[in-house]
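# Chain and residue survey
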Amino acid sequence: ENITSEAYGLEANEEVAIKEDLKGHILRGNFAKKLPKENLDYVVSLGALSNYISEGKEGAGVIEDTIKNSLASLKENGEVRIYPIQEAQENSELVGLIESRKNWGNLVEKISKKEGVTCSIEPRAVKVIGKNNDIILESVLVIKKNKVETQEPEKPEKEKQWEKIHTKSIAKLPKTITTVHKSW
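Let us look at the structure shown here. (Residues numbered from 1 in each chain as written. Predicted model: local features only at pLDDT ≥ 70, side-chain atom pairs only at ≥ 80, totals over all residues. Heavy atoms only, no water.)

## A short note on the pattern of salt bridges
Selection criterion: What counts as a salt bridge is simple: a side-chain nitrogen of Lys or Arg found within 4 Å of a carboxyl oxygen of Asp or Glu. Comment: elements are numbered from the N terminus, with helices defined as DSSP H or I runs of at least four residues and strands as E runs of at least two. A simple rule labels every residue: compare its accessible area, found with a 1.4 Å probe on the protein chains alone, to the largest value its type can have, and call it buried under 20%, exposed over 50%, or partly exposed in between.
Under the counting rule described, the total for this entry stands at 10 salt bridges. Where Glu87 meets Arg101, a salt bridge forms, and the shortest distance between an N and an O atom there is 3.0 Å. You can see Glu87 sitting in strand β4 (residues 74-88) and its partner Arg101 sitting in helix α2 (residues 95-115), a full 14 residues away along the chain. Note on Glu87: relative accessible area 23%, which makes it partly exposed. Note that Glu122 is salt-bridged to Arg124, the shortest N-O span being 3.1 Å. By relative accessible area, which is 27% here, Glu122 ends up partly exposed. Its relative accessible area of 48% is what places Arg124 among the partly exposed residues. Several salt bridges converge on common partners, so that one network encompasses Glu64, Lys110 and Lys114.

So, in structure tokens, the structure goes:
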């Protein structure tokens with residue numbers, strides 16, 4: 001209800017029926033493959049990706065593929081957001097969450113280097129779970145696609161020399177003239 005024309009969902013399971021009035025917003029596809037839309041501001045995963053981190057190298061591969069394909073579908077400065085990234089205290093019996101947080105840290109470092117993106121893990125919620133009332137932190141992984149910087153071509157040597165002479169000449173002028181010159 002009240003879905004904007006610019007919001008989409010992705011359903012990978014072919015057996016799941018999509019309501020008729022949502023067919024324009026819920027698309028068939030798989031995050032680990034090419035997304036059916038491009039030029040997006042955000043790609044958000046709510047629980048769909050998080051659990052793969054505990055599946056070793058294969059799970060990490062699914063996450064990496066998903067992030068790579070999501071980044072390819074984003075606009076410049078677009079973001080991928082993955083929630084929840086869960087972690088537990090070091091002294092917790094929730095060993096899986098302690099290990100998964102370490103795995104997320106390693107994966108984020110790898111993705112940052114490989115894809116040239118900016119990553120951050122931002123805390124969102126604190127929860128108490130389990131028979132021992134363990135405290136866990138739920139965070140969101142934000143991966144920002146950086147604007148592609150284009151390098152200016154190297155200036156010819158003569159132009160560099162002229163700039164150096166010009167700068168020195170301006171510096172020698174009286175301050176009042178320099179001020180007038182700068183305002184032109």
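## Comments concerning the environment of Leu71
As a reminder of what qualifies: Pairs of residues are marked as contacts when any of their non-hydrogen atoms sit within 4.5 Å.
Here Leu71 is to be found in helix α1 (residues 56-72). Each C-alpha atom, one on Leu71 and one on Glu38, is 9.6 Å from the other, the two residues being 33 residues apart in sequence. What Leu71 contacts, discounting residues up to four positions off in sequence, is Val80, Glu115, Val117, Ile143 and Lys145.

## Here's the deal with unusual backbone geometry
With an omega of -5 degrees, the peptide bond running from Tyr83 to Pro84 counts as cis. Residue placement: Pro84 occurs in strand β4. Unlike most non-glycine residues, Asn133 shows phi in positive territory, near 50 degrees. Along the polypeptide, Asn133 turns up in the loop between β5 (118-129) and β6 (134-144).

## Focus: the sheet that holds strand β3 (residues 40-46)
Note the cut-off: Pairs of strands are assigned from DSSP output, requiring at least two bridges between the strands. Orientation is described by axes fitted as lines to C-alpha atoms, over the contacting stretch for helices, and by angles from 0 to 180 degrees between their N-to-C directions.
The four strands lie next to each other as β3-β4-β6-β5, forming an open sheet whose pairing is mixed. The two strands at the open ends of the sheet, each matched to only one other strand, are β3 and β5. Geometrically, the sheet is characterised by an average inter-axis angle of 15 degrees between neighbouring strands, direction not taken into account. When β4 meets β6, the two strands line up antiparallel, connected through eight bridges.

Shape is all these values report; function is a separate question.
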